[in-house]
Structures are given as structure tokens and as C-alpha cells.
Protein chains: 2
Amino acid sequence: MTVIRDSSSITVDDGTVTVRGWVQDTRNMGGISFIVLRDRHGTVQLTLPKKKVDPDMFATITKLPRESVISVTGEVKASNQTELGLEIIPSSYVLESEAGTPLPMGVIDKVNVEMDTRLNNRFMDLRKPEIRAVFELKAMMVELIEEAVRENGFIQVYTPKINAAGAEGGAELFKIQYFDKPAFLAQSPQLYKQILMSTGLDRVFELGPAFRAEQSNTNRLVTEFISFDGEMSWIENEEEVMRMIETIIDHVLTGLKERGKKQLEILGKEITVPARPY
Amino acid sequence: MTVIRDSSSITVDDGTVTVRGWVQDTRNMGGISFIVLRDRHGTVQLTLPKKKVDPDMFATITKLPRESVISVTGEVKASNQTELGLEIIPSSYVLESEAGTPLPMGVIDKVNVEMDTRLNNRFMDLRKPEIRAVFELKAMMVELIEEAVRENGFIQVYTPKINAAGAEGGAELFKIQYFDKPAFLAQSPQLYKQILMSTGLDRVFELGPAFRAEQSNTNRLVTEFISFDGEMSWIENEEEVMRMIETIIDHVLTGLKERGKKQLEILGKEITVPARPY
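The rules behind the values
- Residues numbered from 1 in each chain as written.
- Chains lettered and ligands numbered in written order.
- Predicted model: local features only at pLDDT ≥ 70, side-chain atom pairs only at ≥ 80, totals over all residues.
- Heavy atoms only, no water.
- 1 Å grid on protein atoms, 1.4 Å probe; cavity = no way out; pocket = protein on both sides within 12 Å on 5 of 7 lines; lining within 4 Å.
- Points joined across faces, edges and corners; volume = space filled by probe spheres on them.
- Nonpolar A, V, L, I, M, F, W, Y, C, P; charged D, E, K, R; others polar.
- Contact = heavy atoms within 4.5 Å.
- Buried area = accessible area lost by both parts, 1.4 Å probe.
- Polar contact = N/O pair within 3.5 Å; in protein donor to acceptor, adjacent residues only side chain to side chain.
- Helix = DSSP H or I, 4+ residues; strand = E, 2+ residues; numbered from the N terminus.
- Salt bridge = Lys/Arg side-chain N within 4 Å of Asp/Glu carboxyl O.
- Buried < 20%, exposed > 50% of the residue type's maximum accessible area, 1.4 Å probe, protein only.
- Domains from an automatic or database assignment.
- Phe/Tyr/Trp six-rings, centres within 6.5 Å; stacked < 30°, edge-to-face > 60°.
- Pairing = 2+ DSSP bridges.
- Axes fitted to C-alpha atoms, helices over the stretch in contact; angles between N-to-C directions.
- pLDDT = per-residue confidence, 0-100.
- Least-squares fit on C-alpha atoms with pLDDT ≥ 70 in both.
- Parallel < 35°, antiparallel > 145°, perpendicular 65-115°, else oblique.
- Left-handed = near helix turned anticlockwise from the far one by under 90°.
- Patch = residues over 30% accessible without salt bridge, like charges linked within 9 Å, V, L, I, M, F, W, Y side chains within 5 Å.
- Areas by Shrake-Rupley, 256 points an atom, 1.4 Å probe, with all protein chains shown as cover.

K.L.:
When you look at empty space enclosed by the protein in this model, what are you seeing that I'm missing?
P.N.:
Take a probe with the size of a water molecule and roll it over the atoms, and the empty space left behind shows itself. Overall, the coordinates contain 7 cavities of 30 Å³ or more when judged by the stated rule. As for the largest cavity, its lining consists of Gly200, Asp202 and Trp234 of chain A together with Ile4, Arg5, Arg20, Trp22, Asp39 and Arg40 of chain B. Residue composition of the lining of the largest cavity, by class: 3 nonpolar, 1 polar and 5 charged.

The structure is reproduced here in C-alpha cells:
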């Protein structure tokens, strides 16, 4: 028996498999029931012909509220009725967690819900493929930035976020009490990066949070944001910096286009990689 | 003319090159002077036969205080007197920054200086190959952890560091004023990771700072530390978690042994990768 982590990778050759996920939808047609089971990677159809599966299982599994979490073991069969070209005929299942009813919001419902409802039920909001896709693309982007800068000799560093003073003028700082001394949350790793240049570690980068105590009426707050920050020594002119930034951006866009194909499709977005030099 | 970023990669075939770095040491022998120039990757010897190089350059460059920063252009010549098997005969140089004298501490001196002196001059302390090696190994370790977890389907996330409450009991929190509300620095991404499990992003990891307001008399403070934190769904038992941790640690140790060879040699350390299962 194979445990499947990625429903989109199941094949008919797998034979008996265990799949695990969320009951996205159930259709009870009398003599046959269908369940769409969703995992991180996609959905797979569970097909339950009433006469061929265990009656107890049939009675209970087909009544589960949407978004209940189950592990299902069954036989993979070819099917020309499903997107994956296969379906699973369950022989047993484990109910990991039964969803409450009614759900505070739907996952695949076309009906829009208020932003407040979404944020108050963020754990469900992220079950929507288009929201998950954003998280996945973001993680890819971090990986791609790292690839580009490491390839170019940048060393990853982690600089202190609790600072004795601000690094730049102008930005408002969050103050904290560091035992008997006042301290501030870092609004930028600027000074640390510059000092690192004088150590001879001539190219460094950091990926981490930065904090600015600025009120804002947009949903792009700077109070806490993830900052990619790089510093390089020995540059002759600003053109060199621009070329490096181009190299990084080009690698990120090209990479997202290739590796994020599925996610971009879900979002209905396309990436056009600009010709270099920008 | 080739600009060399990595002194250890110079070859005689490079012809005329520009190298850039710190004057580590100067020996003036009368008719000939030698300068050891250090960059991030190692050192290269500049050889100045008095009669063969520009007299003005000879007079000034050989008098530069140690740790001055220079860019030097010259011809690469084979030499059996140096570790690299080559030396550079400078034809011109640019003084980027002249070091003050006396230096607050040496970089290659065998004499130990007090910890306070080292910390007060941390930019110089990091010029020591054995201190730089620690930074380099740390960056490699981050890369290796990421490789191992990404390979195993973990998605990188960044969770908020400014929290409305603590995530675990017991840990002391740093309090900050978040505009008109009190808030706390995150001592762990625990709750966020767990909620992410319920979104269906079934394996996540974070690499970032965590904060605990605990006084300590050791040099291993937890007030601010970089935490690798992972969470995985669908585990059958603790053995599965142990195996995953083994996979990560094994990849990190094996990788450091291979990629960190030079750094481990500088530190005089060896890595023994334990047989699995641990």
C-alpha cells in the first residue's frame, strides 16, 4: 500500500493507495456517491458504488460535512470521467477530523465573502487554491532570489533585529524595553551590512523581517515586512549594481514562469520576462 | 585586464589582472618588497623588485600600514616561492582606504587579544580566517537545511514576529508598544505553523529570528536567535518525525563536510557523519 502525498502524482499502477485530505465536495446519486478529496497538490475523486463498497463505510463517509479531514485507502482505477483519468474505490477510511457545520465560509464556493470573514477564518481562506498559490509562489521566489545571489558569491547573514539605535534617518521605530535599557526593532540591516563589507565578506545578503512604526491605511503595511537586502563591495559604478539587480530579477521571473506554471495558471496570471538590459 | 574576485582562482594565464583587498603583511628587503594581499577567499603575493617597478608606486605602496585597502593591477608570474605558485608584479595601484595606526588589534597576529577588544573591533575580528570560516559555514548550513526540507516538500513561510500574545507558556516575552496596543516579540512561530497545517499546506518551515526575554550569563543568549522551525502533517508516529530530522541533519553534515572542506581545515575541525538510524 502506497501513501500518496501528492494526489496529482497518483497513477493506476499504484494499485492500493492511501490518500489524505479534505472532503471538498460530495455528490450522492443514490446507487453511487462521489467525493472530491483535496490535498495540497490537487483533488482526486473517490467513487463509491453502493453495492460494491462496505455498507457501514458508505453510510458514514458520504454524510461527512464538507472540509472534514479523512485518510482513505482504496484501489486506483482508470476512469475517463475525471481530470486525472482515474478514481479511487475506497475500501476503508479514517476520520481524522469532522468539520463543524455550517462552515463559516466556503472554500470552493463562487460566492464572495467579506474580507473580515476571510481574515477571521484565515485557515480556511488558505485552502482556496488561488490563495495557496500565492504562498507557494512566494516560497519559490525566496528560493530563486537565494539561488541568484548565492550563484553570484553573496553570503547569507542574519543581523540583529533588536538594535540599540536606528540605522537610517526618517523611519519611525518600534521601541522595546531590553531589560534595563531601551532598544528598537531594526528597520533595516543597513549598518550591519556595511560593517560586514569592512570585514572582507565582500558580498552579503539577508532575508528577514524589518519593522517600521508607521501607521498606514493601505493593506501594504511596513510595520513588519520581509526584506531582501544585499550589499556588495568593490563596485566601480552604479551600473554594476543595476546589472546585479537585473540578474536577480531575471532569475526570479524566469524561474517563477517555469516552476510556478501551475500556480500562475490558477491565478490567471502570466509573467513577461523583460529583455535585458532593462 | 581581468578583475579577480577570488584570489585563489588566479592563474598565470590570466596575464594582467586587478586584485583587490587588504594589505595583510609587508616585507621590505631593500631591493625587493613583498606584500601579502588578502581578499575574501585567500591571499596572493605582490612582488615588487625595486628596479623593475614604478619608483613612486614602490615608495608609497610598501609603506602602507597593514589592513589598508588597495586595488592593484599587475602581471601574474609563475613563482615556486608562493603557495599559489604565482605572484603579481604590480604596475599600478589605487589606495581605497588607508588603515589607521596603530591597529586596535591584529588580524594574523598569534597574540590573543581580550574578548572585549575583539567585540569592540568586530569588523577586524571577522577578517581572521577562522572567524570568517564560521560565518561561511553558517551560511552553508542554512542552504543545506533549505535543500533538505524543500526536497521533502516543505514550503518556506515567514510568520509575524510582532504578536498579540505568546505562543508557548513559560517563555519570557519582550513587550513592545504597537501603536495604542501592547504586543510581544514572537518567541516561536509555533501557533502559526500549526494553523498552517489546517490550511492544507501540509509541510512548512521557517528560518528566522525568535526572541525570549531571558537573562543569561552564557554567550549563548536566547534573547534573539535564529530558529529553524518545521511542521509536518499526516504523521503516523514520532518515528516519522525522527526520520525527517535525521534526513535533514544527515544532509547538513554530509554537505558541510564536502562544501566546507576549506573552512573546516582552517578551524582544524572534522565532521563525522553518524550512521543512520541515529
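K.L.:
So what exactly am I meant to see when it comes to the interface of chain A and chain B here?
P.N.:
Many analyses report the size of an interface as the accessible area lost when the parts associate. The interface is formed by 57 residues belonging to chain A together with 57 residues belonging to chain B. Carbon and sulfur atoms supply 64% of the area that chain A and chain B bury against each other, a total of about 5,000 Å² over both sides. Considering only the side of chain A, the residues that lose the most area to chain B are Arg40, Tyr158 and Trp234 of chain A, jointly responsible for 16% of the buried surface there. The interface formed by chain A and chain B includes 20 residue pairs in polar contact (both at pLDDT 80 or more). When contributions to the side of chain A that touches chain B are tallied by element, the ones reaching two or more residues are strand E2 (16–28), strand E5 (69–78), helix H4 (129–151), strand E7 (155–156), strand E9 (175–178), helix H5 (190–199), strand E11 (203–211) and strand E12 (224–232) of chain A. Among the residues forming the side of chain A that touches chain B, the class breakdown is 28 nonpolar, 12 polar and 17 charged.

K.L.:
Looking at this model, I keep getting lost on the pattern of salt bridges. Mind explaining?
P.N.:
Enumeration over the complete set of coordinates arrives at 34 salt bridges over all chains. Where arginine 150 of chain B meets glutamate 143 of chain A, a salt bridge forms, and the shortest distance between an N and an O atom there is 3.8 Å. In this pair, arginine 150 of chain B sits in helix H4 (residues 129–151) while glutamate 143 of chain A sits in helix H4, so the two residues belong to two different chains. Residue classification places glutamate 143 of chain A among the partly exposed positions, given a relative accessible area of 24%.

K.L.:
In this structure, what is going on with the domain arrangement of chain A? I would like to understand it.
P.N.:
All names here are of chain A. Entries for chain A in the domain assignment read domain 1 (2–97) and domain 2 (123–267). Between domain 1 and domain 2, the C-alpha centre-to-centre distance is 42 Å. Taken together, the contact pairs 6 residues of domain 1 with 5 residues of domain 2. Both sides of the domain 1 and domain 2 interface together cover about 480 Å² of buried area, and 37% of this is carbon and sulfur. Together, Arg38, Arg40 and Glu67 form the three largest contributors to the area buried by domain 1 at its contact with domain 2, with a combined 67%. The partner of glutamate 67 in a salt bridge is arginine 127, with the nearest N and O atoms 2.8 Å apart. Here domain 1 and domain 2 share 3 residue pairs in polar contact (both at pLDDT 80 or more) between them. Across the side of domain 1 that touches domain 2, the residue classes tally to 1 nonpolar, 1 polar and 4 charged.

K.L.:
Would you mind showing me how to read the packing of aromatic side chains here?
P.N.:
Both the distance between ring centres and the angle between the ring planes are used here to describe each pair of aromatic rings. Applying the stated criterion to the full structure yields 10 aromatic pairs over all chains. Considering the side-chain rings of tryptophan 22 of chain A and tryptophan 234 of chain B, the 5.8 Å spacing of their centres and the 80 degrees angle between planes classify their relative orientation as edge-to-face. One end of the pair, tryptophan 22 of chain A, is in strand E2; the other, tryptophan 234 of chain B, is in the loop between strand E12 (224–232) and helix H6 (238–259), on a second chain. Judged by its relative accessible area of 5%, tryptophan 22 of chain A falls in the buried class. For tryptophan 234 of chain B, a relative accessible area of 16% corresponds to the buried category. Judged by centre distance (6.2 Å) and plane angle (40 degrees), the ring pair of phenylalanine 205 of chain B and phenylalanine 228 of chain B falls under tilted. Highlighted residues: phenylalanine 205 of chain B in strand E11 (residues 203–211) and phenylalanine 228 of chain B in strand E12, separated in sequence by 23 residues. Since its relative accessible area comes to 0%, phenylalanine 205 of chain B is described here as buried.

K.L.:
Would you mind showing me how to read the pairing of strand E4 (residues 43–49) of chain A here?
P.N.:
Every regular strand shows the same layout, with side chains that alternate between the two sheet faces. Residue and element names in this part refer to chain A. In terms of residue burial, E4 counts as a mostly covered element, since 6 of its 7 residues are buried. Across 7 bridges, strand E3 (residues 32–38) lies against E4 in antiparallel orientation. In the strand pairing of E4, valine 36 is matched with glutamine 45. Following E3, the chain reverses through 4 residues before pairing antiparallel with E4.

K.L.:
What is the right way to look at the sheet that holds E12 of chain B in this model?
P.N.:
Sheets are built from strands that pair by backbone hydrogen bonding, the pairs being arranged parallel or antiparallel. Residues and elements named next belong to chain B. The strand order across the open sheet built from 3 strands is E7-E11-E12, with neighbouring strands paired in mixed fashion. Each edge of the open sheet carries a strand with a single partner, namely strand E7 (155–156) and E12. As judged from the 2 bridges shared by E7 and E11, these two strands associate in the parallel manner. Within E11, the residue paired with isoleucine 155 across the bridge is valine 204. Seen against the sheet, H4 touches E7, E11 and E12 and runs at an angle of roughly 150 degrees to E11. Its contacts with the sheet place helix H5 (residues 190–199) against E11 and E12, and it is angled at close to 20 degrees to E12.

K.L.:
Just checking my understanding: could you explain the sheet that holds E11 of chain A for this structure?
P.N.:
Residues and elements named next belong to chain A. Reading across the sheet, the 3 strands line up as E7-E11-E12 and stay open at both edges, with mixed pairing between neighbours. Either end of the sheet is taken by a strand with one partner, and the two such strands are E7 and E12. When E11 meets E12, the two strands line up antiparallel, connected through 9 bridges. Paired with arginine 203 across the two strands is methionine 232, which belongs to E12.

K.L.:
What's the story with the confidence of the model for chain A in this structure? I'm lost.
P.N.:
Regions with low pLDDT should not have their predicted coordinates read in detail. Averaged over all residues, the pLDDT of chain A is 94; the fraction at 70 or higher stands at 99%. Across chain A, the secondary-structure element scoring lowest on mean pLDDT is strand E1 (residues 2–3) of chain A, at 90, and the one scoring highest is E7 of chain A, at 98.

K.L.:
Looking at this model, I keep getting lost on the relation of the copies chain A and chain B. Mind explaining?
P.N.:
One copy of the chain maps onto the second through a rotation around an axis plus a translation along that axis. Screw-axis analysis of chain A against chain B gives a translation of 0.0 Å along the axis, an RMSD of 0.1 Å, and a rotation angle of 180 degrees. With respect to symmetry, the two chain copies, as superposed, fit the operation of a two-fold axis. Rotation axis and chain A: the residue whose C-alpha lies nearest the axis is isoleucine 176 of chain A, separated from it by 2.5 Å. The fraction of interface residues of chain A whose copies in chain B are also interface residues reaches 100%, indicating that both copies meet through the same surface.

K.L.:
Sorry if this is basic, but what is going on with the packing of H4 of chain A against H4 of chain B here?
P.N.:
The relative placement of two packed helices is expressed as an angle between their axes plus a distance between the axes. Direction vectors running N to C along H4 of chain A and H4 of chain B enclose 140 degrees, while the axes themselves pass 13 Å from each other. In terms of their interaxial angle, H4 of chain A and H4 of chain B are classed as oblique. Crossing of H4 of chain A over H4 of chain B shows left-handed handedness. Facing Val142, Glu143, Glu146 and Arg150 of chain A of H4 of chain A, the residues of H4 of chain B in contact are Val142, Glu143, Glu146 and Arg150 of chain B.

K.L.:
Looking at this structure, how should I read a nonpolar patch on the surface?
P.N.:
Taken together, the side chains of Met242, Ile245, Ile249 and Tyr278 of chain A make up a nonpolar region of the molecular surface, amounting to roughly 370 Å² of accessible area. Counting through the fold element by element, isoleucine 249 of chain A comes out in helix H6 (residues 238–259).

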